[in-house]
There are 2 protein chains.
Amino acid sequence: MEVAETIRSVRSLVKAARKKGKKIGFVPTMGALHIGHISLIEAAKKGSDFVVVSIFVNPTQFGPGEDFEKYPRPFDTDLEICSKKDVEVVFAPTPEEMYKSENLTWVNVEKLTKGLCGQFRPEHFRGVATVCTKLFNIVMPDVAFFGQKDAQQAVVIKRMVADLNMPLEIVVCPTIRQPDGLTVSSRNKYLTVEQKKDAVLIYKSLQKCREMIKAGVTDVEQVIDQMQKVLLQIPSIKIEYVSIVDAKTLQPLEKAQGKVLAAVAVRIGQTRLIDNILVDVTKH
Amino acid sequence: MEVAETIRSVRSLVKAARKKGKKIGFVPTMGALHIGHISLIEAAKKGSDFVVVSIFVNPTQFGPGEDFEKYPRPFDTDLEICSKKDVEVVFAPTPEEMYKSENLTWVNVEKLTKGLCGQFRPEHFRGVATVCTKLFNIVMPDVAFFGQKDAQQAVVIKRMVADLNMPLEIVVCPTIRQPDGLTVSSRNKYLTVEQKKDAVLIYKSLQKCREMIKAGVTDVEQVIDQMQKVLLQIPSIKIEYVSIVDAKTLQPLEKAQGKVLAAVAVRIGQTRLIDNILVDVTKH
């Protein structure tokens with residue numbers, strides 16, 4: 001496995017692989033790799049011939065007061081994980097390498113970034129779209145892998161790639177959960193044992209949504225109300241949003257129909273946690 | 001010469017050329033080709049092995065009330081010119097091919113797009129940056145050619161390419177002028193014979209700027225004042241702006257120093273005309 005710290009070096013490694021006719025797979029990450037990331041790497045290993053994993057805690061997607069400084073950076077462990085998974089190249093640039101001078105150019109995806117997390121993190125998706133554009137232009141992959149866990153991000157990146165005719169395919173992989181249902185997230189490290197138990201209610205609220213839709217309830221207000229009741233059982237959970245939206249447009253729905261995304265964001269203590277499920281109403 | 005009307009077909013032509021080891025040169029245009037464009041095509045022929053010229057009147061860079069509808073589209077003549085210049089591929093997509101669904105993703109270059117033409121055409125550079133990103137992603141050239149005539153556009157595109165790590169080089173070619181100094185522009189077609197004579201004052205005002213700086217004048221206000229006096233000789237010329245800015249940052253200067261851009265935009269009748277010169281103050 002090669003570790004590239006510069007744009008020039010990752011480009012030359014990819015170029016050499018492409019010359020050999022290899023299909024380039026790309027997994028962009030902020031490091032602190034866990035089984036969620038590993039599932040993306042495994043999908044990349046299956047779906048391509050040469051896997052590049054980027055490890056870069058991107059400053060431009062964190063808002064003021066967010067956890068950029070304290071975000072975990074267990075770099076040596078991350079490299080070990082990548083090496084064990086037979087990743088071909090880890091691209092681990094410094095912030096200075098990625099943002100050589102003041103960044104004036106931003107990629108904005110309108111409408112899709114207004115609701116859900118975008119309401120609470122107004123510049124987050126601008127930072128994500130911009131850094132993904134930069135990473136795609138640097139690595140030039142044939143296919144890139146994202147997690148369904150960050151549902152809004154996946155929709156935004158897919159739309160950006162389509163709108164800007166970026167020459168790659170986006171694959172979205174299923175959310176990985178602990179046996180108790182809690183999504184695996186780098187931010188789980190911020191939680192105490194007690195808070196981790198409380199956090200299980202997030203998935204329980206999403207299961208409640210699926211059950212109600214299965215049972216034929218289509219009134220979104222009613223479903224959200226019941227989901228909130230699940231979460232409010234534990235006072236340490238502060239709800240940021242509980243939303244049911246169209247899975248493609250991310251626009252709020254009054255009646256559940258077609259493919260819907262049920263998404264939840266809460267704070268437990270200082271930690272912000274998100275989760276979601278996709279429900280195909282037509283199948284119930 | 002091949003004429004590609006779809007993204008798929010231009011990509012496959014370029015891919016085949018690249019496989020043969022050819023360097024891809026790209027000249028994005030809105031058609032209505034004149035000797036300015038021809039100079040770009042000639043530069044592309046010299047600087048690469050396989051030249052793609054795009055002809056696309058991009059709706060997203062025209063503001064409401066601007067000349068999108070009446071912009072000249074002499075497609076057959078354009079093809080003839082490209083063919084004579086041994087262009088390998090003309091990419092001429094329809095608006096529907098370029099914008100398949102509502103475009104939600106925009107590339108914004110901040111600061112550089114606020115002044116000069118940006119003041120009067122608030123969404124113009126957003127449209128230009130976005131369509132250039134799309135075209136670069138479709139054609140995937142090694143090098144693209146732009147004219148110094150559109151000075152602000154050239155600075156914006158160069159910065160966008162650097163900020164977003166786009167894998168291509170931008171070459172800016174000199175402004176082409178008629179013997180009387182008037183820049184060659186597709187919009188000159190809108191002018192009457194009389195108006196064309198009046199328009200010569202635009203370049204005269206820029207020459208006045210160069211003379212004054214050569215003579216040691218560095219007070220920008222004084223230079224702009226004299227430039228305006230040149231333009232105001234003819235009442236049919238309505239000044240939009242007369243600016244002297246830093247050539248790289250496009251920020252207004254009080255004292256002319258380093259490399260400066262002197263830029264003028266006027267209206268003659270309904271027609272908007274721009275011109276500029278670069279002056280290296282250190283050389284005088």
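Thresholds applied
Residues numbered from 1 in each chain as written. Chains lettered and ligands numbered in written order. Predicted model: local features only at pLDDT ≥ 70, side-chain atom pairs only at ≥ 80, totals over all residues. Least-squares fit on C-alpha atoms with pLDDT ≥ 70 in both. Contact = placed C-beta atoms within 7 Å. Domains from an automatic or database assignment. Helix = DSSP H or I, 4+ residues; strand = E, 2+ residues; numbered from the N terminus. Nonpolar A, V, L, I, M, F, W, Y, C, P; charged D, E, K, R; others polar. Pairing = 2+ DSSP bridges. Axes fitted to C-alpha atoms, helices over the stretch in contact; angles between N-to-C directions.

Novice: In this structure, what is going on with the relation of the copies chain A and chain B? I would like to understand it.
Specialist: Each of the two chain copies can be brought onto the other by rotation about an axis and movement along it. Take chain A, turn it by 180°, move it 0.0 Å along the axis, and it overlays chain B with an RMSD of 0.0 Å. Here the copies are linked by what is in effect a two-fold axis. Closest approach to the rotation axis within chain A is made by the C-alpha atom of Val107 of chain A, at a distance of 2.3 Å. The overlap is high: 100% of the interface residues of chain A also sit at the interface in chain B, so the same surface is used on both sides.

Novice: What is the right way to read the domain arrangement of chain A from this model?
Specialist: Where interface size is given, it is often the accessible area lost as the parts come together that is meant. Residue and element names in this part refer to chain A. Split by domain assignment, chain A resolves into domain 1 (2-173) and domain 2 (186-277). Distance from the C-alpha centre of domain 1 to the C-alpha centre of domain 2: 26 Å. With 12 residues of domain 1 in contact, the opposing surface of domain 2 contributes 13 residues. Elements with a minimum of two residues in the side of domain 1 that touches domain 2: helix H5 (117-120) and helix H7 (151-163). Looking at the side of domain 1 that touches domain 2 residue by residue, the class counts come to 8 nonpolar, 4 polar and no charged.

Novice: Whenever I open this one, the sheet that holds strand S8 (residues 237-246) of chain A confuses me. Can you help?
Specialist: Picture the strands of a sheet paired through backbone hydrogen bonds; they go either parallel or antiparallel. Residue and element names in this part refer to chain A. Read across the sheet, 3 strands follow the order S8-S9-S10 without closing on themselves; strand pairing throughout is antiparallel. Edge positions in the open sheet fall to S8 and strand S10 (271-280), since each of these has one partner strand only. Pairwise comparison of adjacent strand axes, ignoring direction, gives a mean angle of 15° for this sheet. Sheet analysis places S8 next to strand S9 (residues 259-268), joined by 9 bridges and oriented antiparallel. Paired with Lys238 across the strands is Arg267, a residue of S9. In the packing of helix H8 (residues 193-214) onto the sheet, the strands contacted are S8, S9 and S10, and the crossing angle to S10 comes to about 20°. In the packing of helix H9 (residues 220-231) onto the sheet, contacts are made with S8 and S9, and the angle to S8 comes to roughly 155°.

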